[in-house]
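# Close look at the chain arrangement
Next come the chains, spelled out residue by residue.
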Amino acid sequence: MATPKLMKESLYRLQERVEQARAQTDSLFALLRSDAIYERPIPERHRLIFYLGHLEAFDWNLLGRDTFGLASVHPGFDKLFAFGIDPVDGQLPSDRPADWPTVKEIQAYNTKLRETIDAALRAPSSKLAAEVSGTSLDTLLNVAVEHRLMHAETLAYLLQQLAIDKKDKKIDKKVAPENSASAVTGAASSRNDFQRMAAISEGEATLGMRREGGEFGWDNEFEENKVRVPAFHIGAYPVRNGEFLEFVRAGGYEDESLWSAEAREWITSTGISHPLFWERSGNDARNSDSWEYRGMFAQIPLPLDWPVSVSHAEASAYARWTKRALPSEGQWHRAAYGTPTGRECLYPWGDAGPSAQRGNFDFAHWDPTPVNAHPDGQSAFGVHDLLGNGWEWTSTPFAPLPGFRPFAFYPGYSANFFDGKHFVMKGGSQRTAACMLRRSFRNWFQPHYPYVYAKFRTVEE
Ligand SMILES: [Fe+2]
């Protein structure tokens with residue numbers, strides 16, 4: 001049982017984390033040049049302007065309205081900015097820039113909400129109000145922080161699709177780190193090393209976590225479940241642009257036998273014939289076989305030693321081409337956290353928390369690094385680059401773990417996606433905050449959404 005003093009410090013620490021998360025998302029909007037905020041870089045998503053209001057409206061609806069029972073400063077905005085969109089059936093939004101409020105109006109709303117929420121959090125009654133609402137203030141603040149940090153990552157996906165001349169990293173020197181695109185190099189490894197399959201012995205993998213443990217997790221991270229995983233082999237490194245280029249050159253996108261019927265329909269109807277971040281270069285770009293990579297702030301020759309970022313459908317087609325498969329969620333856990341002796345670690349490298357030499361995560365870089373740039377992050381089985389540098393696709397459809405209970409204050413957070421049309425992703429990307437690198441964290445996306453920083457590796461059973 002924590003003493004009152006400790007609990008107060010923890011609340012203070014959480015308020016600090018709210019501040020840090022706000023600085024992180026503020027820094028992303030600061031990268032935009034003039035009118036770029038009204039752009040819609042991903043057709044299936046809202047215009048950027050929505051997110052400017054959404055981050056504050058979410059915190060307000062959760063804390064100000066539902067927990068502290070405060071009067072709204074702008075009910076219309078609370079509703080307008082309440083929810084994002086994730087259309088599975090190809091229905092695209094059709095709103096126009098003029099349909100949205102001005103930046104000034106939203107900024108005034110945001111400032112007022114932050115002041116009101118912060119004042120309420122400072123009031124001694126705030127913890128009590130949370131308990132009356134049925135959820136502890138710790139949980140609610142963790143939800144607010146992680147929701148915002150998840151958006152810091154998904155905003156990066158959006159900004160990645162925005163034309164390079166519409167953003168300027170020089171605008172924000174303080175928070176935006178230097179683009180490491182060419183600065184980070186991997187250790188010397190031969191091609192054979194990259195293609196090595198690591199042997200994983202049979203053992204147990206722990207998915208999820210115990211509710212009584214008292215640690216924060218989203219609803220889909222509970223309950224703890226142990227699964228038995230038979231022996232298998234897994235790529236010691238994720239598939240790199242270099243290997244994926246061989247698949248493209250071998251006609252992998254045209255070979256119908258490698259794609260499911262839905263995936264084939266998707267790539268045919270959209271005209272997809274290569275990874276989203278690649279662009280053909282040269283004089284006759286249409287027929288060119290030389291490639292460039294569209295990074296966050298620069299277009300560069302395709303870095304062959306970076307992991308390839310592709311959708312689940314493309315990853316599955318590649319796996320089929322190599323006569324292998326994507327790992328299941330249990331296999332991924334076993335390769336990442338298991339050990340030959342049976343002990344399980346909290347992170348691939350052991351039990352110490354995340355730090356910069358273990359992987360490319362926590363906003364250290366805008367773009368990926370070579371797959372072998374962080375040998376200190378490898379697992380006990382010698383599997384590299386598991387956390388950070390791109391989420392990893394699994395073959396497991398996103399579904400509740402046994403013992404799942406939706407959050408009362410946010411019932412649709414996970415449950416709305418238990419539809420068999422989304423797949424579990426593990427690991428994290430270069431834009432995933434350190435707090436979400438915990439073992440139980442599960443991400444999920446639909447298989448035909450290529451905008452995510454998502455890599456993969458293959459398994460042989
Ligand atoms: Fe959201």
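Refer to the structure printed above.
My aim in this report is to walk through the structure given alongside it, one point at a time. (Residues numbered from 1 in each chain as written. Predicted model: local features only at pLDDT ≥ 70, side-chain atom pairs only at ≥ 80, totals over all residues. Heavy atoms only, no water.)

## As for the side chain of H147
For H147, the position within the fold is in helix α6 (residues 137-161). Looking at H147, the relative accessible area reads 7%, which means it is buried. A polar contact is formed between the side chain of H147 and the side chain of H54, at a distance of 3.1 Å. Beyond its immediate stretch of four places on either side in the chain, H147 contacts H54, L55, F58 and W218. (Helix = DSSP H or I, 4+ residues; strand = E, 2+ residues; numbered from the N terminus. Buried < 20%, exposed > 50% of the residue type's maximum accessible area, 1.4 Å probe, protein only. Polar contact = N/O pair within 3.5 Å; in protein donor to acceptor, adjacent residues only side chain to side chain. Contact = heavy atoms within 4.5 Å.)

## A few points about the pattern of salt bridges
Scanning all chains against the criterion turns up 27 salt bridges. R343 is the partner of D351 in a salt bridge, and the nearest nitrogen-oxygen pair spans 3.3 Å. Look at D351 and you get partly exposed, because its relative accessible area is 39%. Taken together, the shared-partner salt bridges in this structure form one network comprising D26, E56, D59, R114 and R148. (Salt bridge = Lys/Arg side-chain N within 4 Å of Asp/Glu carboxyl O.)

## Focus on the packing of helix α2 (residues 48-65) against α6
At a minimum axis separation of 10 Å, α2 and α6 run at an interaxial angle of 175°. Here α2 is positioned roughly antiparallel relative to α6, judged by the angle of their axes. Across the interface between the two elements, L48, Y51, H54, L55, E56, F58, D59, L62 and L63 from α2 touch L137, L140, L141, V143, A144, H147, R148, H151, L155, L158 and L159 from α6. Per-class residue counts for the contact of α2 with α6 are 14 nonpolar, three polar and three charged. (Axes fitted to C-alpha atoms, helices over the stretch in contact; angles between N-to-C directions. Parallel < 35°, antiparallel > 145°, perpendicular 65-115°, else oblique. Nonpolar A, V, L, I, M, F, W, Y, C, P; charged D, E, K, R; others polar.)

## A look at the sheet that holds strand β1 (residues 197-200)
The antiparallel open sheet is built from three strands, whose spatial order is β1-β4-β12. The open sheet terminates on both sides in strands that have one partner only, identified here as β1 and β12 (459-460). Judged from the two bridges that link them, strand β4 (residues 232-235) and β12 form a sheet pairing that is antiparallel. Residue pairing for β12: I234 is matched across the bridge by V459. The strands that helix α11 (residues 329-337) touches are β1, β4 and β12; relative to β4, the one it contacts most, it runs at about 75°. (Pairing = 2+ DSSP bridges.)

## A look at the nonpolar core
The nonpolar side chains of a soluble globular protein tend to be buried, and buried together. Counting residues in hydrophobic clusters, the biggest one holds 100 residues, and the most contacted among them are L63, W218, F244, W259, W393 and F456. At 14 residues, the largest contribution of residues to this core is made by α6. Contact partners of F244, with chain neighbours within four places excluded, come to V239, Y253, P275, W278, V308, V310, E314, Y318 and F456. (Core = buried A, V, L, I, M, F, W, Y, C linked by side-chain atoms within 4.5 Å.)

## A few points about the packing of α2 against helix α4 (residues 103-122)
Running from amino to carboxyl end, α2 crosses α4 at an angle of 25°, the nearest separation of the two axes being 10 Å. Classed by the angle they form, the pair α2 and α4 counts as roughly parallel. Helix-helix and strand crossings are classified by hand; for α2 and α4 the assignment is left-handed. Side by side, α2 and α4 meet where I49, L52, G53, E56, A57, D59, W60 and L63 of the first sit next to V103, I106, Y109, N110, L113, R114, T116 and I117 of the second. Among the residues making up the contact of α2 with α4, the classes are represented as 10 nonpolar, three polar and three charged. (Left-handed = near helix turned anticlockwise from the far one by under 90°.)

## A short note on unusual backbone geometry
The amide bond that connects F222 to the next residue, E223, takes the cis arrangement and shows omega of 0°. Structurally, the position occupied by E223 is in the loop between β2 (203-207) and β3 (225-229). Although it is not a glycine, D385 adopts a positive phi angle of roughly 60°. For D385, a relative accessible area of 4% puts it in the buried group.

## Points about the coordination of the iron ion
Coordination of the iron ion by the protein is provided by H54 (NE2), H147 (NE2) and H151 (NE2), with metal-donor distances spanning 2.1 to 2.2 Å. In the primary structure, the donors to the iron ion are separated according to the pattern H-x92-H-x3-H. Pair noted here: H147 and H151 are both in helix α6, with a separation of four residues, about one helical turn. (Donors = N, O, S within 2.8 Å, 3.2 Å for Na, K, Ca; no water.)

## Overview of α4
Between its first and last C-alpha atoms α4 spans 28 Å; for 20 residues at 1.5 Å apiece the expected length is 28 Å, and the two agree. Of the positions making up α4, those classed as buried are I106, Y109, N110, L113, R114, I117, D118, A120 and L121. Seen end-on, α4 carries its buried residues on one side only, within an arc spanning 155°. In this structure, α4 carries K104 and R122 as exposed residues pointing more than 90 degrees from its buried face. (Expected span 1.5 Å × (residues − 1). Arc of directions from axis to C-beta.)

## Concerning the sheet that holds strand β5 (residues 278-281)
Sheets are built from strands that pair by backbone hydrogen bonding, the pairs being arranged parallel or antiparallel. Pairing is antiparallel across the open sheet formed by three strands, whose spatial order is β5-β6-β7. Only two strands of the sheet have a single partner each, and these edge strands are β5 and β7 (299-301). Strand-to-strand twist of the sheet, defined as the mean angle between neighbouring strand axes without regard to direction, takes the value 40°. As paired strands, strand β6 (residues 290-294) and β7 are joined by three bridges and run antiparallel to one another. Note on β7: the bridge partner recorded for Y293 is I300.

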